[in-house]
Amino acid sequence: MKAPFKYLVNDVNSKIAELKKITEERYGKGTAPKIHISYELNSANALGTHIRKDNIHYLNFNPELLNELKDTYINEVVTHEYAHACVVHYLGYYKNGKRVMPHGREFKSFCYGFGIDGKATTKIAINSKVTKQRKRRRGYIYVCDCNEYDLSAIRHNRVQKENAVYRCKQCKGSLTFKKKA
């Protein structure tokens, strides 16, 4: 895996500093979440991740996507993950006895304050070379009368446990397992 270009790491740090300043203007100086950044993510499905451990918020980013998408990645993904850190830092996982949803109202409020839309997914990586290279067959081939489908392990397991039936959108026929990809 490629490490991010040095200037991009500086740009990520600058973005975090900018977001921290916005946060502290809103909630008070010295109140922003403590952030630790790493560049070890290599998933084709996740652009960035956030976890909290011992009151430190760990943001993990994909260095290959950062190198490819640069400013767009920094403005959208880094801001998105920082918003997750803020929600957990300021509100915790529960508010008024109810679970705070990962991409719910509170999260969107932080995102809007940072200048992004707050959607759970972003379209920036759809046409990315890195993402396209990593996309692969999901693992389970299902067929109907007119087509062949590639189902994920989760959907395959649901069918096997008889918890779900999937149908073709064209012929409306039930999908049946053919083989593992």
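All of these numbers come straight from a predicted model, not from anything done at the bench.

Basis of the calculations
Residues numbered from 1 in each chain as written. Predicted model: local features only at pLDDT ≥ 70, side-chain atom pairs only at ≥ 80, totals over all residues. Heavy atoms only, no water. Pairing = 2+ DSSP bridges. Helix = DSSP H or I, 4+ residues; strand = E, 2+ residues; numbered from the N terminus. Axes fitted to C-alpha atoms, helices over the stretch in contact; angles between N-to-C directions. Contact = heavy atoms within 4.5 Å.

Colleague: It is not clear to me how the sheet that holds strand S8 (residues 176-180) should be interpreted in this structure. Could you clarify?
Modeller: Sheet strands line up and pair through hydrogen bonds in the backbone, either parallel or antiparallel. The antiparallel open sheet is built from three strands, whose spatial order is S7-S6-S8. Each having just a single partner strand, strand S7 (148-151) and S8 make up the two edges of the open sheet. Ignoring strand direction, the axes of neighbouring strands in this sheet form an average angle of 35 degrees. As judged from the four bridges shared by strand S6 (residues 140-143) and S7, these two strands associate in the antiparallel manner. From the neighbouring strand, valine 143 faces S7, where its bridge partner is glutamate 148. On top of the sheet, helix H6 (residues 153-160) reaches S6, S7 and S8; it is set at about 55 degrees to S6, its chief contact.

Colleague: Which parts of the structure should I look at to understand the sheet that holds strand S3 (residues 56-61)?
Modeller: In space, the three strands of this open sheet follow the order S1-S3-S2, with mixed pairing throughout. Either end of the sheet is taken by a strand with one partner, and the two such strands are strand S1 (35-38) and strand S2 (48-53). For this sheet the average axis-to-axis angle between neighbouring strands, irrespective of direction, equals 20 degrees. By the bridge criterion, four bridges tie S1 to S3 in an arrangement that is parallel.

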